[in-house]
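Architecture and fold: a report
Listed here are the chains, written in short residue letters.
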Number of protein chains: 2
Amino acid sequence: MNFSSKLLEDAVAEFAKLPGVGQKTALRLVLHLLKQDSAEVDRFSGAITKLRHEIQFCQTCHNISDQLICEICSAPKRDKGTICVVEDTRDVMAVENTNQYNGLYHVLGGLISPMDGVGPSDLEVDTLIERLKDDGVKEIIFALSATMEGDTTLFYLNKRLKPFNITISTIARGIAFGGELEYVDELTLGRSIATRVPYENSLSR
Amino acid sequence: MNFSSKLLEDAVAEFAKLPGVGQKTALRLVLHLLKQDSAEVDRFSGAITKLRHEIQFCQTCHNISDQLICEICSAPKRDKGTICVVEDTRDVMAVENTNQYNGLYHVLGGLISPMDGVGPSDLEVDTLIERLKDDGVKEIIFALSATMEGDTTLFYLNKRLKPFNITISTIARGIAFGGELEYVDELTLGRSIATRVPYENSLSR
């Protein structure tokens, strides 16, 4: 692209580094910001800089937090005997939005992916093991994506957690609510038949 | 969404104000920035702040520029007798990318749109008239979008420019290169028949 301004070109280049944002989208976003009040633009860039410099990660569950111990870990009403292991903070938000879970979390910060050079030492695995050494933890629930990386991580963690006397479970895989049978892939359908549940159980929420 | 951090929530809210960016996309972009070096994030927010505070608009053509007079207006090789009237800087870039135009530009900064409350006084119309008073301008080419707003603006400007003794033209409308006839709308096809050109002319570029 032929930019008439170096400042514009720089700002577009920075935006275009974001995932899923191409040159054209970046230009559209930058021109939008250019039309806003400068106070508005300062608030935008200020919020991002502040986030990056002041953000904390909870020392217990490693979720994004404003304090050293996050709100979930410090809530007295939460069931401290159950830990839900997730990939990142988005998954914590997804599980929280269901209103079906009242335990604690452990954020791994990624999934094992040899292709991307991510091994167990890059994730919060040792800190998870450390948490299990305190007695009181009775169940670990894995809520990981149903991908190659998720399965690899699950396999690895299951092996590491075996020595501890705790229940290990994973969230159920199957057909989504509203999903039409003919569009479900064979693997999911096959597994959902193999792990079928009594009709009464499928109704209770 | 249930955010675990106020800082995160603020940054996501700012991103979600951008056009075409929803809450989920905003969160994805913010989490991406959170994984980057803080120097990288400072460069991102710095580029945007700098752009907003230091950007200039060319005093002649009103295009975005780093100087008071933009590179195109100050280039000695450009044909100063022709002015191409466009909506915004993206259109300047689009015309420049064709390498088919060697004249100057005039950026209106929008199109007349009563629905959005944009009238002629909100656009750089008077400055365009001012430019025509210097003799030397022989032709005005309108390169506006083929929308209701573009046509309204064209109609209005044509009336304002009539008193001046200059050629007024608009870019040709018709079937795009690679366009299949059966998918072209009737209006475009009808007009492209009415404004048909001799075969020899259609070949020359």
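Residues numbered from 1 in each chain as written. Chains lettered and ligands numbered in written order. Predicted model: local features only at pLDDT ≥ 70, side-chain atom pairs only at ≥ 80, totals over all residues. Heavy atoms only, no water.

One pass over the structure, following the stated rule, counts 20 salt bridges over all chains. A salt bridge links Lys17 of chain B to Glu40 of chain A, with the nearest nitrogen and oxygen atoms 3.0 Å apart. Taken as a pair, Lys17 of chain B in the loop between helix H1 (6-16) and helix H2 (23-35) and Glu40 of chain A in helix H3 (residues 38-54) lie in two separate chains rather than in one. Here Asp10 of chain B ties to Lys6 of chain B by a salt bridge, and the two come within 2.8 Å at their closest N and O atoms. Within this pair, Asp10 of chain B and its partner Lys6 of chain B are both found in helix H1, separated by four residues, close to a single helical turn. Within this structure, Glu14 and Lys17 of chain A together with Glu40 and Arg43 of chain B form a network of salt bridges that share partners. (Salt bridge = Lys/Arg side-chain N within 4 Å of Asp/Glu carboxyl O. Helix = DSSP H or I, 4+ residues; strand = E, 2+ residues; numbered from the N terminus.)

Quick look at the relation of the copies chain B and chain A now. Relating the two copies of this chain is a rotation about some axis coupled with a shift parallel to it. Screw-axis analysis of chain B against chain A gives a translation of 0.1 Å along the axis, an RMSD of 0.1 Å, and a rotation angle of 180 degrees. A rotation of that kind, with that shift, is consistent with a two-fold axis. Proximity to the rotation axis, assessed at the C-alpha, singles out Ser45 of chain B in chain B; its C-alpha lies 2.3 Å from the axis. Counting the interface residues of chain B, we find that 100% of their copies in chain A are interface residues as well, pointing to one common contact surface. (Least-squares fit on C-alpha atoms with pLDDT ≥ 70 in both. Contact = heavy atoms within 4.5 Å.)

All names here are of chain A. Close contact between helix H1 (residues 6-16) and helix H2 (residues 23-35) brings their axes to 8 Å; oriented N to C, the two are set at 120 degrees. Here H1 lies oblique to H2, going by the angle between them. Of the two elements, H1 crosses H2, and the hand of that crossing is right-handed. Between H1, through Leu8, Ala11, Val12, Phe15 and Ala16, and H2, the contact on the second element is made entirely by Gln23, Ala26, Leu27, Leu29, Val30, Leu31 and Leu33. (Axes fitted to C-alpha atoms, helices over the stretch in contact; angles between N-to-C directions. Parallel < 35°, antiparallel > 145°, perpendicular 65-115°, else oblique. Left-handed = near helix turned anticlockwise from the far one by under 90°.)

Our focus in this paragraph is the packing of H2 of chain A against helix H5 (residues 89-98) of chain B. Remark: H2 of chain A packs on H5 of chain B, axes separated minimally by 11 Å, with the N-to-C direction vectors making an angle of 145 degrees. Here Leu27, Arg28 and Leu31 of chain A of H2 of chain A come into contact with H5 of chain B, specifically with Thr89, Arg90 and Met93 of chain B. Residue classes in the contact of H2 of chain A with H5 of chain B are distributed as three nonpolar, one polar and two charged. (Nonpolar A, V, L, I, M, F, W, Y, C, P; charged D, E, K, R; others polar.)

Right, let's get into the domain arrangement of chain A. By a widely used convention, the size of an interface equals the accessible area lost when the partners come together. Taken domain by domain, chain A holds domain 1 (6-54) and domain 2 (72-202). The gap between the C-alpha centroids of domain 1 of chain A and domain 2 of chain A is 35 Å. (Domains from an automatic or database assignment.)

A few words now on empty space enclosed by the protein. Residues and elements named next belong to chain B. Counting across every chain of the model gives two cavities of 30 Å³ or more. In this structure, the largest cavity encloses a volume near 40 Å³. For the largest cavity, the full set of lining residues is Phe142, Ala143, Leu144, Leu154, Thr170, Ile171 and Arg173. Of the residues contributing to the lining of the largest cavity, the split by class is five nonpolar, one polar and one charged. Roughly 30 Å³ of internal volume is contained in the second largest cavity. Among the residues forming the lining of the second largest cavity, the class breakdown is four nonpolar, one polar and one charged. (1 Å grid on protein atoms, 1.4 Å probe; cavity = no way out; pocket = protein on both sides within 12 Å on 5 of 7 lines; lining within 4 Å. Points joined across faces, edges and corners; volume = space filled by probe spheres on them.)

Time to look at the nonpolar core. The biggest cluster of nonpolar side chains holds 44 residues, and the ones touching the most others in it are Leu8, Phe15 and Phe44 of chain A together with Leu8, Phe15 and Phe44 of chain B. If you list the elements that add at least two residues to this core, you get H1, H2 and H3 of chain A together with H1, H2 and helix H3 (38-54) of chain B. In contact with Leu8 of chain A, not counting residues within four places along its chain, are Phe3, Leu27, Val30 and Leu31 of chain A together with Leu51 and Ile64 of chain B. (Core = buried A, V, L, I, M, F, W, Y, C linked by side-chain atoms within 4.5 Å. Buried < 20%, exposed > 50% of the residue type's maximum accessible area, 1.4 Å probe, protein only.)

Turning our eyes to something else, we now look at the confidence of the model for chain A. When pLDDT is averaged along chain A, the result is 89, and 98% of the positions lie at 70 or above. In the model output, the complex is listed with pTM 0.78 alongside ipTM 0.81. (pLDDT = per-residue confidence, 0-100.)

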